[in-house]
Amino acid sequence: MKKITLIALLLALTWQVNAQTNEIPNLVKNEFKIDAAYLLGLAFKVEFERLINDQSSLGIVALGNPNSDPAYGYQLLGFYRLYFGKEYASGFFLEGNFGITGAKNYTVPGVGLAIGQKFVTKSNVTLDVFIGLGRVFEIDRYRYYAPSIYPRVGVCIGKRF
(Lines give C-alpha, C1' and ligand atoms only; values in the text may rest on other atoms or scores of the structure.)
Protein backbone atom coordinates (compact mmCIF):
# COMPACT_ATOMS: atom_id res chain seq x y z
CA MET A 1 0.00 0.00 0.00
CA LYS A 2 2.87 2.41 0.79
CA LYS A 3 4.41 1.75 -2.64
CA ILE A 4 1.16 2.60 -4.42
CA THR A 5 0.77 5.80 -2.41
CA LEU A 6 4.38 6.80 -3.14
CA ILE A 7 3.99 6.14 -6.87
CA ALA A 8 0.71 8.11 -6.98
CA LEU A 9 2.38 11.02 -5.16
CA LEU A 10 5.33 11.04 -7.56
CA LEU A 11 3.02 10.98 -10.57
CA ALA A 12 0.99 13.86 -9.16
CA LEU A 13 4.15 15.92 -8.56
CA THR A 14 5.43 15.15 -12.06
CA TRP A 15 2.12 16.25 -13.55
CA GLN A 16 2.19 19.47 -11.50
CA VAL A 17 5.73 20.33 -12.65
CA ASN A 18 4.76 19.60 -16.27
CA ALA A 19 1.65 21.80 -15.96
CA GLN A 20 3.79 24.70 -14.75
CA THR A 21 6.01 24.57 -17.85
CA ASN A 22 2.98 25.56 -19.98
CA GLU A 23 2.73 28.96 -18.30
CA ILE A 24 3.40 31.93 -20.50
CA PRO A 25 6.82 33.57 -20.19
CA ASN A 26 6.66 37.03 -18.63
CA LEU A 27 8.15 38.90 -21.59
CA VAL A 28 6.24 37.42 -24.54
CA LYS A 29 2.54 37.94 -23.85
CA ASN A 30 1.91 40.41 -26.68
CA GLU A 31 2.20 40.51 -30.45
CA PHE A 32 2.02 43.49 -32.78
CA LYS A 33 1.56 42.72 -36.48
CA ILE A 34 1.05 44.41 -39.82
CA ASP A 35 -0.46 42.79 -42.88
CA ALA A 36 2.04 42.71 -45.75
CA ALA A 37 -0.64 42.04 -48.38
CA TYR A 38 -2.58 45.17 -47.46
CA LEU A 39 0.52 47.34 -47.67
CA LEU A 40 0.88 46.34 -51.32
CA GLY A 41 -2.66 47.57 -51.97
CA LEU A 42 -2.07 50.98 -50.34
CA ALA A 43 -4.29 50.13 -47.39
CA PHE A 44 -3.38 49.32 -43.81
CA LYS A 45 -4.24 46.58 -41.37
CA VAL A 46 -2.66 46.32 -37.94
CA GLU A 47 -3.28 43.67 -35.31
CA PHE A 48 -2.54 43.38 -31.62
CA GLU A 49 -2.76 39.95 -30.02
CA ARG A 50 -2.55 39.11 -26.32
CA LEU A 51 -1.54 35.52 -25.54
CA ILE A 52 -3.69 34.05 -22.78
CA ASN A 53 -1.91 30.69 -22.50
CA ASP A 54 -0.21 28.14 -24.75
CA GLN A 55 -3.44 27.39 -26.63
CA SER A 56 -5.41 30.62 -26.87
CA SER A 57 -5.27 34.36 -27.43
CA LEU A 58 -7.42 37.48 -27.80
CA GLY A 59 -6.79 40.25 -30.29
CA ILE A 60 -8.00 43.38 -32.04
CA VAL A 61 -7.70 44.42 -35.67
CA ALA A 62 -7.96 47.83 -37.33
CA LEU A 63 -8.25 47.93 -41.11
CA GLY A 64 -8.56 51.02 -43.25
CA ASN A 65 -8.67 51.50 -46.98
CA PRO A 66 -9.26 55.15 -47.90
CA ASN A 67 -8.65 54.59 -51.63
CA SER A 68 -10.98 51.63 -52.03
CA ASP A 69 -14.41 50.81 -53.28
CA PRO A 70 -16.94 52.55 -50.98
CA ALA A 71 -18.19 49.15 -49.82
CA TYR A 72 -15.01 48.50 -47.80
CA GLY A 73 -13.91 51.60 -45.96
CA TYR A 74 -12.89 50.41 -42.51
CA GLN A 75 -13.16 47.46 -40.17
CA LEU A 76 -12.64 47.04 -36.43
CA LEU A 77 -12.59 43.44 -35.20
CA GLY A 78 -12.03 41.56 -31.99
CA PHE A 79 -11.00 37.92 -32.22
CA TYR A 80 -10.34 34.82 -30.17
CA ARG A 81 -7.92 32.15 -31.41
CA LEU A 82 -7.55 28.55 -30.35
CA TYR A 83 -4.16 27.03 -31.25
CA PHE A 84 -3.46 23.36 -31.93
CA GLY A 85 0.33 23.48 -32.45
CA LYS A 86 3.05 21.81 -30.42
CA GLU A 87 4.88 25.07 -29.74
CA TYR A 88 3.60 27.86 -27.50
CA ALA A 89 0.58 29.64 -29.11
CA SER A 90 1.56 28.69 -32.64
CA GLY A 91 0.70 26.24 -35.38
CA PHE A 92 -2.76 25.64 -36.81
CA PHE A 93 -5.52 27.80 -35.31
CA LEU A 94 -9.26 28.41 -35.43
CA GLU A 95 -10.51 31.96 -35.02
CA GLY A 96 -13.85 33.46 -34.14
CA ASN A 97 -14.30 37.20 -34.65
CA PHE A 98 -16.85 39.93 -34.07
CA GLY A 99 -16.63 43.46 -35.32
CA ILE A 100 -17.86 46.48 -37.19
CA THR A 101 -17.51 47.03 -40.92
CA GLY A 102 -18.33 50.35 -42.48
CA ALA A 103 -17.89 53.04 -45.08
CA LYS A 104 -19.43 56.45 -45.79
CA ASN A 105 -22.95 55.10 -46.22
CA TYR A 106 -23.21 52.44 -43.53
CA THR A 107 -21.84 50.83 -40.38
CA VAL A 108 -22.84 47.23 -39.68
CA PRO A 109 -21.82 44.64 -37.07
CA GLY A 110 -20.78 41.16 -38.12
CA VAL A 111 -19.47 37.83 -36.91
CA GLY A 112 -17.08 35.44 -38.65
CA LEU A 113 -14.71 32.47 -38.59
CA ALA A 114 -11.23 31.90 -39.94
CA ILE A 115 -8.57 29.20 -40.03
CA GLY A 116 -4.85 29.71 -40.29
CA GLN A 117 -1.29 28.88 -39.39
CA LYS A 118 1.13 30.80 -37.15
CA PHE A 119 4.90 30.44 -37.39
CA VAL A 120 7.19 31.79 -34.65
CA THR A 121 10.98 32.08 -34.86
CA LYS A 122 13.39 31.76 -31.94
CA SER A 123 13.74 35.55 -31.94
CA ASN A 124 9.92 35.89 -31.55
CA VAL A 125 9.20 37.13 -35.07
CA THR A 126 5.79 35.85 -36.15
CA LEU A 127 4.08 35.09 -39.45
CA ASP A 128 0.31 34.50 -39.56
CA VAL A 129 -1.39 33.20 -42.69
CA PHE A 130 -5.18 32.87 -42.48
CA ILE A 131 -8.43 32.88 -44.44
CA GLY A 132 -12.06 33.17 -43.44
CA LEU A 133 -15.41 34.90 -43.90
CA GLY A 134 -17.79 36.89 -41.80
CA ARG A 135 -21.48 37.66 -42.09
CA VAL A 136 -22.83 41.14 -41.40
CA PHE A 137 -26.11 41.87 -39.59
CA GLU A 138 -28.81 44.38 -40.63
CA ILE A 139 -28.00 43.84 -44.29
CA ASP A 140 -31.60 44.51 -45.41
CA ARG A 141 -31.38 48.03 -44.07
CA TYR A 142 -28.20 48.77 -46.07
CA ARG A 143 -28.62 46.31 -48.96
CA TYR A 144 -27.67 48.90 -51.60
CA TYR A 145 -24.42 49.85 -49.89
CA ALA A 146 -23.10 47.10 -47.66
CA PRO A 147 -21.81 43.70 -48.71
CA SER A 148 -23.47 40.76 -46.95
CA ILE A 149 -20.11 39.12 -46.12
CA TYR A 150 -16.66 40.40 -45.25
CA PRO A 151 -13.34 38.69 -45.94
CA ARG A 152 -10.97 37.76 -43.14
CA VAL A 153 -7.71 37.06 -44.94
CA GLY A 154 -4.14 38.00 -44.17
CA VAL A 155 -0.42 37.49 -44.27
CA CYS A 156 0.69 39.26 -41.08
CA ILE A 157 4.27 39.77 -40.00
CA GLY A 158 4.90 40.75 -36.41
CA LYS A 159 6.91 40.58 -33.23
CA ARG A 160 6.22 39.05 -29.83
CA PHE A 161 7.23 41.18 -26.88
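First, a word on what this report is: a plain description of the structure on this page. In this text, all values refer to a predicted model and were calculated from it rather than measured experimentally.

This paragraph deals with unusual backbone geometry. Even without being a glycine, Ala89 presents a positive backbone phi close to 45°. Within the secondary structure layout, Ala89 lies in the loop between strand E4 (74–83) and strand E5 (91–102). For Asn124, which is not a glycine, the phi torsion comes out positive at approximately 65°. As for its position among the elements, Asn124 is in the loop between strand E6 (107–120) and strand E7 (125–136).

What follows is about the side chain of Asn30. Take Asn30: it is sitting in strand E1 (residues 30–35). Take Asn30: its relative accessible area is 14%, and that puts it in the buried class. Engagement of the side chain of Asn30 in a polar contact is seen with the side chain of Arg50, the distance being 2.9 Å. Setting aside residues no more than four positions away along its own chain, Asn30 makes contact with Phe48, Glu49, Arg50, Lys159, Arg160 and Phe161.

Before going further, it helps to examine the nonpolar core. One finds Val61, Leu77, Phe79, Ala103, Tyr106, Val108, Val136 and Tyr150 forming the largest nonpolar core, which totals 8 residues. The next biggest cluster of nonpolar side chains, apart from the first, holds 7 residues, and it includes Ala89, Phe93, Phe130 and Cys156.

Counting across every chain of the model gives 16 salt bridges. Its salt-bridge partner being Glu47, residue Lys45 comes within 4.0 Å of it at the nearest N-O pair. Judged on exposure class, the residue Lys45 and its partner Glu47 are both buried. Glu95 is the partner of Arg152 in a salt bridge, and the nearest nitrogen-oxygen pair spans 2.8 Å. One end of the pair, Arg152, is in the loop between strand E8 (149–151) and strand E9 (154–160); the other, Glu95, is in strand E5, with 57 residues separating them in the sequence. Using a relative accessible area of 2% as the deciding quantity, one classes Glu95 as buried. A network of salt bridges, in which partner residues are shared, links Glu31, Lys33, Asp35, Lys45, Glu47, Glu49, Arg81, Glu95, Lys118, Asp128, Arg152 and Arg160.

Conventions we followed
Residues numbered from 1 in each chain as written. Predicted model: local features only at pLDDT ≥ 70, side-chain atom pairs only at ≥ 80, totals over all residues. Heavy atoms only, no water. Helix = DSSP H or I, 4+ residues; strand = E, 2+ residues; numbered from the N terminus. Buried < 20%, exposed > 50% of the residue type's maximum accessible area, 1.4 Å probe, protein only. Polar contact = N/O pair within 3.5 Å; in protein donor to acceptor, adjacent residues only side chain to side chain. Contact = heavy atoms within 4.5 Å. Core = buried A, V, L, I, M, F, W, Y, C linked by side-chain atoms within 4.5 Å. Salt bridge = Lys/Arg side-chain N within 4 Å of Asp/Glu carboxyl O.

In short, shape yes, function no, at least from these values alone.
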